Amino acid sequence: FKDYVNGQCYFGLAPNGPSAANGDCDYSGQTNQLVSKWQGSVGFNHEYGISNDLLIQTSANMFFTSEYHASAQLDPKLMQPGYAKINARIALLSQDNGWQFAILGENLTDKKVKLFAGDAPLSGSTFGAISNYNFMSRGRTITLQASMKF
């Protein structure tokens, strides 16, 4: 943020900056939520003929990101460390008959990450307790897929 002087403070952070009298925190010069310094993806697709009619298709990709704030209040307890996720697919298909069988694997590293997090409502202001909530990603999933063109 270039200029963000009236941000909501996370529980335990004392109001600061020019709007401190209003109970706000100054987040000027800090990053926004869900923004990592680095992220990207890399992948490949490949086909290999095993007969006149049959093909094997393979593909894989990897998504990676550096750490980011999962919280809108930039709470350091809710930082998501950097991670990588790998997805893959292998298929056997008939070019002439239009059928295909495949197995797909998503998040093969079984990495569960914070997609979004925050202070639980009323936990700090009413009950004086530090409590957070997190929305987490799915773990590893394996899918069987069949299709037929007709």
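Structure: above.
Residues numbered from 1 in each chain as written. Predicted model: local features only at pLDDT ≥ 70, side-chain atom pairs only at ≥ 80, totals over all residues. Heavy atoms only, no water.

### As for the side chain of aspartate 119
By the secondary structure assignment, aspartate 119 is in strand β9 (residues 114-119). Here aspartate 119 occupies a buried position and makes no salt bridge, while the nearest side chain of opposite charge, lysine 77, is found at 5.2 Å. Looking at aspartate 119, its side chain comes within polar contact range of the main-chain nitrogen of phenylalanine 11, at 3.0 Å. Within the structure, the side chain of aspartate 119 is placed 3.0 Å from the side chain of asparagine 132, a separation counted as a polar contact. Dropping the residues within four chain positions of it, aspartate 119 is found in contact with Tyr10, Phe11, Gln73, Asp75, Ser131, Asn132 and Tyr133. (Helix = DSSP H or I, 4+ residues; strand = E, 2+ residues; numbered from the N terminus. Buried < 20%, exposed > 50% of the residue type's maximum accessible area, 1.4 Å probe, protein only. Lys, Arg positive; Asp, Glu negative; His and termini not counted. Salt bridge = Lys/Arg side-chain N within 4 Å of Asp/Glu carboxyl O. Polar contact = N/O pair within 3.5 Å; in protein donor to acceptor, adjacent residues only side chain to side chain. Contact = heavy atoms within 4.5 Å.)

### Notes on a nonpolar patch on the surface
On the surface, Ile86, Ile90, Ile103, Leu108, Ile142 and Leu144 cluster together to form a nonpolar patch covering roughly 530 Å² of accessible area. Among the elements of the structure, β7 (83-94) and β11 (141-148) are those that each provide at least two residues to the nonpolar patch. Along the chain, isoleucine 86 turns up in strand β7. A residue is classified by how much of its surface remains accessible, and isoleucine 86, at 32% relative accessible area, is partly exposed. (Patch = residues over 30% accessible without salt bridge, like charges linked within 9 Å, V, L, I, M, F, W, Y side chains within 5 Å. Areas by Shrake-Rupley, 256 points an atom, 1.4 Å probe, with all protein chains shown as cover.)

### Description of the pattern of salt bridges
According to the stated counting rule, one finds 3 salt bridges in the structure shown. Across the pair lysine 77 and aspartate 75 runs a salt bridge, and its minimum N-O distance is 2.8 Å. Residue class for lysine 77 comes out partly exposed when judged on its relative accessible area of 43%. When its relative accessible area of 0% is taken as the criterion, aspartate 75 is described as buried. A salt bridge links arginine 138 to glutamate 106, with the shortest nitrogen-to-oxygen separation between them at 3.7 Å. Within this pair, whereas arginine 138 is found in the loop between β10 (132-136) and β11, its partner glutamate 106 is found in strand β8 (residues 99-106), the two being separated by 32 residues in sequence.

### Details of the sheet that holds β7
Pairing is antiparallel in the open sheet, where 5 strands are placed in the order β3-β4-β7-β8-β11. For this open sheet the edge positions go to β3 (39-49) and β11, each flanked by a neighbour on one side alone. Across this sheet, the average inter-strand angle for adjacent strands is 10°, counted without regard to direction. Sheet analysis places β8 next to β11, joined by 8 bridges and oriented antiparallel. (Pairing = 2+ DSSP bridges. Axes fitted to C-alpha atoms, helices over the stretch in contact; angles between N-to-C directions.)

### Here we look at the state of the cysteines
Joining two cysteines, a disulfide is a covalent bond between their sulfur atoms. Counted according to the given criterion, the structure contains 1 disulfide. Here cysteine 9 connects covalently by a disulfide to cysteine 25, the sulfurs 1.9 Å from one another. Classification of the bridge connecting cysteine 9 and cysteine 25 rests on its S-S torsion, roughly 110°, and on that basis the disulfide is right-handed. Linking cysteine 9 in the loop between β1 (7-8) and β2 (24-25) with cysteine 25 in strand β2, this pair joins segments that are 16 residues apart in sequence. For cysteine 9, a relative accessible area of 16% puts it in the buried group. Since its relative accessible area comes to 0%, cysteine 25 is described here as buried. (Disulfide = S-S within 2.5 Å.)

### Considering the nonpolar core
One finds Tyr68, Ala70, Leu78, Tyr83, Val113 and Ala117 forming the largest nonpolar core, which totals 6 residues. In this structure, alanine 70 is in contact with Leu34, Leu78, Lys114, Phe116 and Ala117, ignoring residues within four places of it in sequence. One finds Cys9, Tyr10, Cys25 and Leu74 within the second-largest nonpolar core, a separate group that totals 5 residues. (Core = buried A, V, L, I, M, F, W, Y, C linked by side-chain atoms within 4.5 Å.)

### Things to note about unusual backbone geometry
The phi dihedral of asparagine 107 is positive, around 55°, even though this residue is not glycine. Tracing the backbone through its elements, the reader meets asparagine 107 in the loop between β8 and β9. A positive phi angle, near 55°, is found at aspartate 110, a position not held by glycine. Positionally, aspartate 110 belongs in the loop between β8 and β9. On the accessibility criterion, aspartate 110 (29% relative accessible area) is partly exposed.

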